[in-house]
Amino acid sequence: MKALIIGATGATGKDLVTQLLADDTYSEVHCFVRKPLALTHPKLHAHVVNFDTPEAWADLLHGDVAFSCLGTTLAVAGSKEAQWRVDYDYQYAFALQCKANGVPTFVLISAAGATAQSKLFYNRMKGQLEDAVKALDFPSLLIFQPSVLIRSNNDRGAENFSVKAIHFLNKIGLFKHYRPMPTNILAQRMRREVATATEGVHTFTLDEIFL
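These numbers come from a predicted model, not from an experiment.

A few words on the sheet that holds strand 3 (residues 44–48). Spatially, 7 strands are ordered 3-2-1-4-5-6-9 in an open sheet, and the strand pairing comes out parallel. Single-partner strands in this sheet number two, and they are strand 3 and strand 9 (200–204). The average undirected angle you get between the axes of adjacent strands in this sheet is 15°. Bridge analysis of strand 6 (residues 140–144) against strand 9 gives 5 bridges, and the strand direction is parallel. Paired with L141 across the strands is V201, a residue of strand 9. Here helix 1 (residues 11–22) sits on the sheet in contact with strand 1 (2–6), strand 2 (28–33), strand 3, strand 4 (65–68) and strand 5 (105–109), set at roughly 165° to strand 1. Against the sheet, helix 4 (residues 121–134) engages strand 5, strand 6 and strand 9, with an angle of about 175° to strand 5.

What counts and what doesn't
- Residues numbered from 1 in each chain as written.
- Predicted model: local features only at pLDDT ≥ 70, side-chain atom pairs only at ≥ 80, totals over all residues.
- Heavy atoms only, no water.
- Pairing = 2+ DSSP bridges.
- Helix = DSSP H or I, 4+ residues; strand = E, 2+ residues; numbered from the N terminus.
- Axes fitted to C-alpha atoms, helices over the stretch in contact; angles between N-to-C directions.
- Contact = heavy atoms within 4.5 Å.

Next up, the structure:
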């Protein structure tokens with residue numbers, strides 16, 4: 001199989017790339033990144049692209065499965081507009097071209113609580129993206145809705161605090177639907193579900209990802 005990935009330099013993306021390279025099911029892993037990858041591997045093909053001009057690299061998006069792992073935080077992006085560009089515009093453009101090129105299976109990392117009707121900007125943005133990608137009508141669409149992600153070697157102080165706080169609340173029986181998700185577990189589950197994917201839209205909530 002040939003895999004296409006955006007967000008390969010993020011925590012989940014890194015774990016996913018590592019797992020795909022070790023998986024004999026995949027003969028090619030194509031990553032679309034802003035800067036060259038330090039990682040090298042016979043199966044790995046890293047394409048340095050400009051996400052603001054997706055039409056310039058659209059012809060490279062041919063494969064068996066596409067993984068959309070791109071995302072940022074409001075703090076890193078600096079504004080809601082900048083976060084929308086990364087979390088919605090870039091990912092939708094990727095999905096749109098994958099569909100146009102006949103990629104049969106699309107995998108989207110969304111978020112717990114994602115809904116286009118949410119009053120929260122982040123959840124509303126994720127929900128609107130889900131709806132837009134669903135409308136593209138991929139033969140098989142897999143949507144994963146994790147909560148706070150546990151990243152290895154994480155240097156984001158606020159995120160680390162959130163993980164510890166939610167862990168504490170989970171221990172006393174609160175916020176079970178928002179328990180932190182290790183990125184390697186999320187990557188494993190995505191890879192596993194692709195291997196047995198059937199037609200239609202399949203959404204995996206937090207509890208279902210942990211299964």
